[in-house]
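Each chain, written out:
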Amino acid sequence: MVSGKDDERIDFSKLEKELEAAVEADAKYWRENDAKIRAVTQKVESYEEFKDIVAAAHIKPLEKKDKISEKKPTPWNPHATKKTGTDVTSDTTLQQDKTVLPKNGHEFARDWKRYCKTNEQKYEYLINIGGEHLGQIFKTEIAFGLLGEILAALQNCFTSDHVENVFLILENLSKTKRFSLSLDFLSSAEKESCMEVFRKLKTCVDEKSGDEIPCISTDALEMLMTVFKVTP
């Protein structure tokens, strides 16, 4: 007679996968529910903005372990990655042309996490988008954790050639909704990055005349520093 022990054996691997799927489904429900409540509370201007907030509910800021990962960075420009056949999807080709800019905060966060693995890639992405467009895509709010990462990228890769670009990026971000809340949640290291990028900006402005940087006066810079809670 064949023993029924094999039939009665529990497949723990299968149970684990089913449990993980159930936990993720539950987490997704509550993330989207919180996003809907936040959107209603903010009194968004259109249904499109409401959908954007809900669609971005699953976006998570990078954690410390992600920032120090030894995993090989993925190029922001997928032209550098060889893919053929079905490996190439509409998502992975979004940044093949640098003229294709994110339309909203959800698209920015998606591309930022997918293609911008290093500070250099993040800095290039920010400079390419520009301050004015960043202000438009973050008009609802800056996703939690992004402001600190943006400041770190600007601080680490700042060059005097991009003084005006960096100033406009910071200026436009400061005008977004709930900016002060994002500022309050910066870590100590991120606040230090913020102070350092303004030190570099001030050094460049002090060294150059107003004719060389027409959009940045000493008063305008000091006013922006005040908004970012940086002591001149």
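Below is a summary of the structure that appears in this document. (Residues numbered from 1 in each chain as written. Predicted model: local features only at pLDDT ≥ 70, side-chain atom pairs only at ≥ 80, totals over all residues. Heavy atoms only, no water.)

Digging into the packing of aromatic side chains
The geometry of an aromatic ring pair comes down to the distance between the two centres and the angle between the two planes. Overall, the coordinates contain seven aromatic pairs when judged by the stated rule. Geometrically, the ring pair formed by W112 and Y125 is tilted, given 6.3 Å between the ring centres and 40° between the ring planes. Of this pair, W112 sits in helix α5 (residues 105–115) while Y125 sits in helix α6 (residues 119–129), and the two are 13 residues apart along the sequence. Y125 carries the same exposure label as W112, and that label is buried. An aromatic cluster is defined as three or more aromatic residues linked by ring pairs; in this entry it consists of F108, W112, Y125 and F138. (Phe/Tyr/Trp six-rings, centres within 6.5 Å; stacked < 30°, edge-to-face > 60°. Helix = DSSP H or I, 4+ residues; strand = E, 2+ residues; numbered from the N terminus. Buried < 20%, exposed > 50% of the residue type's maximum accessible area, 1.4 Å probe, protein only.)

What about helix α8 (residues 146–157)?
Think of an α-helix as turning once every 3.6 residues; residues three or four places apart then point the same way. The terminal C-alpha atoms of α8 lie 17 Å apart, and with 12 residues this matches the ideal 16 Å at 1.5 Å per residue to within 8%. Burial of α8 is extensive: 11 of the 12 residues sit out of reach of the surface. Buried within α8 we find L146, L147, G148, E149, I150, L151, A152, A153, L154, Q155 and C157. (Expected span 1.5 Å × (residues − 1).)

Remarks on the packing of α8 against helix α9 (residues 163–173)
Contact geometry of α8 with α9 gives a least axis separation of 12 Å together with a crossing angle of 165°. Considering their axes alone, α8 and α9 lie roughly antiparallel with respect to each other. As α8 packs across α9, the resulting crossing turns out to be left-handed. Each of L147, I150, L151 and L154 in α8 lies in contact with α9, whose residues at this interface are V166, I169, L170 and L173. Residue composition of the contact of α8 with α9, grouped by class: eight nonpolar, no polar and no charged. (Axes fitted to C-alpha atoms, helices over the stretch in contact; angles between N-to-C directions. Parallel < 35°, antiparallel > 145°, perpendicular 65-115°, else oblique. Left-handed = near helix turned anticlockwise from the far one by under 90°. Contact = heavy atoms within 4.5 Å. Nonpolar A, V, L, I, M, F, W, Y, C, P; charged D, E, K, R; others polar.)

Looking at the environment of C194
Structurally, the position occupied by C194 is in helix α11 (residues 188–207). Residue C194 is classed as buried on the basis of its relative accessible area of 3%. As for C194 and G148, which are separated by 46 residues in sequence, their C-alpha atoms are 8.1 Å apart. Contacts of C194, omitting those with residues within four sequence positions, involve L151, F228 and V230.

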